[in-house]
Structure formats: structure tokens, C-alpha cells
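Here's the letter readout for the chains.
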Amino acid sequence: AYQMFVDTYGVPRYQEANPALMTVVTFPFSFGVMFGDIGHGLLLMLFGLFVLWNEDKLGKMKRGEMVDIIYGGRYMLTFMGFFAMYAGFMYND
């Protein structure tokens, strides 16, 4: 799922550094800083955890395009929710 976000900015050429590793932490953190809400962050994190807990069931079933995108980004959703809650606590929101 992280590589999909990196590819929206352009695909790195041969022998160029792939920024997907940096995107793993910086994108969810940047989202959390911009979103910064405890309640909505909690809902987003709980939804990501729900998908993680049911990952075996979702992995075996036939998925549509939207569910496939959510399934692929399950870790990112969880991290985005966590960082949104963290920023919400920092903003006292």
C-alpha cells in the first residue's frame, strides 16, 4: 500500500532511491498532524485494527476494488488513526 502512495508522486528510475521506506512513517505522521482529532483518529484506528484482526477472513474472500484497497492499506489506516489521535492529544482537541 505504501508503494502505491509513492507511485502517485512518480516512479523512481533505475538506481534512484525508492522513498517508500521513508513514506512508511512520514505519511501517517503528516496525516495525523493535519487531521489531529482524537475521536475521528480513534474511529480510523479502530477500523484499521478491525481489518487487521479479520485479515485472514478478508484475505480468503473475493473482494471488490474498494475492499481490496482498504485491505492493502490496513497498516497505513491503523498508523494514520494512531498519529491523528496523538496529534489530537497534543492539540488538546
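Residues numbered from 1 in each chain as written. Predicted model: local features only at pLDDT ≥ 70, side-chain atom pairs only at ≥ 80, totals over all residues. Heavy atoms only, no water.

Peer 1: Even after reading the chapter, I still don't get the environment of T26, so can you show me in this structure?
Peer 2: With respect to the helices and strands, T26 occurs in helix α2 (residues 20-35). When the C-alpha atoms of T26 and Y9 are compared, they prove to be 14 Å apart, with 17 residues separating the residues in sequence. For T26, the side chain forms a polar contact with the main-chain oxygen of M22, separated by 2.7 Å. (Helix = DSSP H or I, 4+ residues; strand = E, 2+ residues; numbered from the N terminus. Polar contact = N/O pair within 3.5 Å; in protein donor to acceptor, adjacent residues only side chain to side chain.)

Peer 1: Would you explain a nonpolar patch on the surface in this entry?
Peer 2: On the surface, F29, V33, F82, Y86, F89, M90 and Y91 cluster together into a nonpolar patch covering about 730 Å² of accessible area. Breaking the nonpolar patch down by element, the ones donating at least two residues are α2 and α6 (74-91). For the nonpolar patch, the leading source of residues is α6, giving 5 residues. If you trace the backbone, V33 turns up in helix α2. Relative accessible area serves as the criterion here: at 36%, V33 is assigned to the partly exposed category. (Patch = residues over 30% accessible without salt bridge, like charges linked within 9 Å, V, L, I, M, F, W, Y side chains within 5 Å. Areas by Shrake-Rupley, 256 points an atom, 1.4 Å probe, with all protein chains shown as cover. Salt bridge = Lys/Arg side-chain N within 4 Å of Asp/Glu carboxyl O. Buried < 20%, exposed > 50% of the residue type's maximum accessible area, 1.4 Å probe, protein only.)

Peer 1: Is there a simple way to explain the packing of α2 against α6 in this structure?
Peer 2: For any two helices packed against each other, the geometry is given by the interaxial angle and the distance between the axes. In contact at an axis separation of 7 Å, α2 and α6 are set at 40° when each is read in the N-to-C sense. Classified by the angle their axes make, α2 and α6 are oblique. Note that α2 runs across α6; the crossing there is right-handed. The segment α2 lies against α6, with F27, P28, F29, F31, G32, V33 and F35 engaging M76, F79, M80, F83, A84, A87 and Y91. Among the residues forming the contact of α2 with α6, the class breakdown is 13 nonpolar, 1 polar and no charged. (Axes fitted to C-alpha atoms, helices over the stretch in contact; angles between N-to-C directions. Parallel < 35°, antiparallel > 145°, perpendicular 65-115°, else oblique. Left-handed = near helix turned anticlockwise from the far one by under 90°. Contact = heavy atoms within 4.5 Å. Nonpolar A, V, L, I, M, F, W, Y, C, P; charged D, E, K, R; others polar.)

Nothing here speaks to function; it is geometry throughout.
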